Amino acid sequence: MGCLLTASGILYSQAPGGWVSLFDGKTLTGWKAAENPATFSVEDGAIMVAGPRAHLFYEGPVGNHSFKNFEWKAQVKTMPGSNSGMFIHTAYQETGWPAQGYEIQVNQTHTDWRKTGSVYSMQDVKETFVKDDEWYTEAITVQGKQVTVKINDKVINTYTEPDSLANSTIKRRLSRGTVALQGHDPKSKVLYKDIMIRILPD
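Fair warning: this is a prediction, and the values are worked out from it, not measured in the lab.

A.B. asks: Is there a simple way to explain the overall build of the protein chain in this structure?
C.D. replies: A count of helical and extended segments in the protein chain gives zero helices and 15 strands. Looking at the protein chain as a whole, 48% of its 202 residues are labelled buried. Within the protein chain, contacts between residues separated by at least 24 positions form 64% of all contacts whose residues are at least 6 apart in sequence.

What follows is the structure, encoded as structure tokens:
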């Protein structure tokens, strides 16, 4: 894994195949937490998400934290009864659930019936493919109007955004934006590590 220097003088790591690390394994450098920052910490090389509702937005130098077409993946481990999410095409906001972009669900055994891999409330997954307390890979590809979600390299959900949304109250659209991790509630504990992105051509 090599290091590249951005125009601002910040180093980031690049792996073969165009994959770039968004998390240094030690600090939250390049990320900005909203609402309840203490929900996020770094423990044993992973981002620990545990605490009241909060969202951790990537605001670092890679792609100027504005992505259109890309692949994004992480190693994830959920604790029993936990809920979290990986947001795409979103933007930093101080409070509340992110109003921009889509949430890709992270949930094996939380009471919410929408399980890991759901494009939340747009195209949901009811089955579970992994167990709590074990690391798995959750990968998201955004290409044009299509979002593909893989769990351990298996495609479990493909959502194509319609050209026109019948329900005009739906404001979540694919455009471009950053990525984010969700802290859902004080009873949820989820770990993320090896957080990587690969920017695809427009």
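Still more ground to cover, so stick around.
A.B. asks: What's the story with the pairing of strand 14 (residues 178–183) in this structure? I'm lost.
C.D. replies: In the case of a regular strand, side chains alternate between the two sheet surfaces. Summarising burial for strand 14: six of the six residues are buried, a large majority. Here strand 14 shows two buried faces, one formed by T178, A180 and Q182 and the other by V179, L181 and G183. By the bridge criterion, four bridges tie strand 7 (residues 54–58) to strand 14 in an arrangement that is antiparallel. Residue pairing across strands places H55 opposite Q182, the latter belonging to strand 14.

A.B. asks: Hey, could you run me through the sheet that holds strand 9 (residues 84–90) in this one?
C.D. replies: Within a sheet, each strand pairs with its neighbour through backbone hydrogen bonds, oriented either parallel or antiparallel. The five strands lie next to each other as 4-7-14-9-10, forming an open sheet whose pairing is antiparallel. Edge positions in the sheet fall to strand 4 (31–34) and strand 10 (102–106), since each of these pairs with one other strand and no more. Between one strand and the next, the sheet's axes are offset by a mean angle of 20°, whatever the strand orientation.

A.B. asks: Mind showing me how you'd approach the pairing of strand 8 (residues 70–78) here?
C.D. replies: The buried fraction of strand 8 amounts to eight of the nine residues, a majority that puts the element mostly inside the structure. Bridge analysis of strand 8 against strand 15 (residues 189–199) gives eight bridges, and the strand direction is antiparallel. Each residue of the ladder has a partner; that of T78, found in strand 15, is V190. Where strand 8 lies against strand 11 (residues 136–143), seven bridges are found, and the strand directions are antiparallel. Pairing of F70 across the sheet is with V142, part of strand 11.

A.B. asks: Honestly, the packing of aromatic side chains in this entry has me stumped. Any pointers?
C.D. replies: Where two aromatic rings form a pair, the distance of their centres and the angle of their planes describe that pair. What the rule picks out here adds up to five aromatic pairs. Note on Y58 and F67: the rings are 6.4 Å apart at their centroids and 25° apart in plane angle, and the pair reads as stacked. With centroids separated by 5.6 Å and ring planes inclined at 75°, the aromatic side chains of Y102 and Y159 adopt a geometry described as edge-to-face. Taken together, the positions of Y102 in strand 10 and Y159 in strand 13 (residues 154–160) put the pair 57 residues apart, joining distant regions of the chain. Of the two residues, Y102 and Y159, both sit in the buried class.

A.B. asks: Just to check I follow, could you spell out unusual backbone geometry for this structure?
C.D. replies: Working note: non-glycine residues mostly have negative phi, and peptide bonds are mostly trans. At H89, a residue that is not glycine, the phi angle is positive and equals roughly 50°. With respect to the helices, strands and loops of the structure, H89 is situated in strand 9. Here H89 falls in the buried class, since its relative accessible area comes to 1%.

A.B. asks: Help me understand the environment of P61 in this model?
C.D. replies: By the secondary structure assignment, P61 is in the loop between strand 7 and strand 8. Along the sequence, P61 and G30 sit 31 residues apart, while their C-alpha atoms lie 7.3 Å from each other.

A.B. asks: Which parts of the structure should I look at to understand the environment of N152?
C.D. replies: Within the secondary structure, N152 sits in the loop between strand 12 (146–151) and strand 13. Accessibility expressed as a relative area gives 43% for N152, which makes it partly exposed. Along the sequence, N152 and T137 sit 15 residues apart, while their C-alpha atoms lie 4.9 Å from each other.

Quick notes on the rules
Residue positions are given per chain, counted from 1 along the sequence in the order it is written. This being a predicted model, a pLDDT of at least 70 is required before a residue's local features are given, and a value of 80 or more before pairs of side-chain atoms are given or counted; all residues contribute to the totals for chains, interfaces and linings. The side-chain numbers reported here are obtained from all heavy atoms of the structure, hydrogens and water having been left aside. Secondary structure elements are defined from DSSP: runs of H or I of at least 4 residues count as helices, runs of E of at least 2 residues count as strands, and each element is numbered from the N terminus. When accessible area is computed with a 1.4 Å probe and restricted to protein chains, residues below 20% of their type maximum are described as buried, those above 50% as exposed, and intermediate ones as partly exposed. Whether two residues are in contact is decided by their heavy atoms: any pair within 4.5 Å suffices. When DSSP finds at least two bridges between two strands, those strands are taken to pair. Every axis corresponds to a line fitted to the C-alpha atoms, with the helix fit spanning only the stretch in contact, and the corresponding angles, defined between N-to-C directions, vary from 0 to 180 degrees. Aromatic pairs are defined between Phe, Tyr and Trp rings, using the six-membered ring for Trp, whenever the two ring centres lie within 6.5 Å; interplanar angles under 30 degrees are classed as stacked, those over 60 as edge-to-face, and all others as tilted.

The analysis is restricted to geometry; functional conclusions fall outside its scope.
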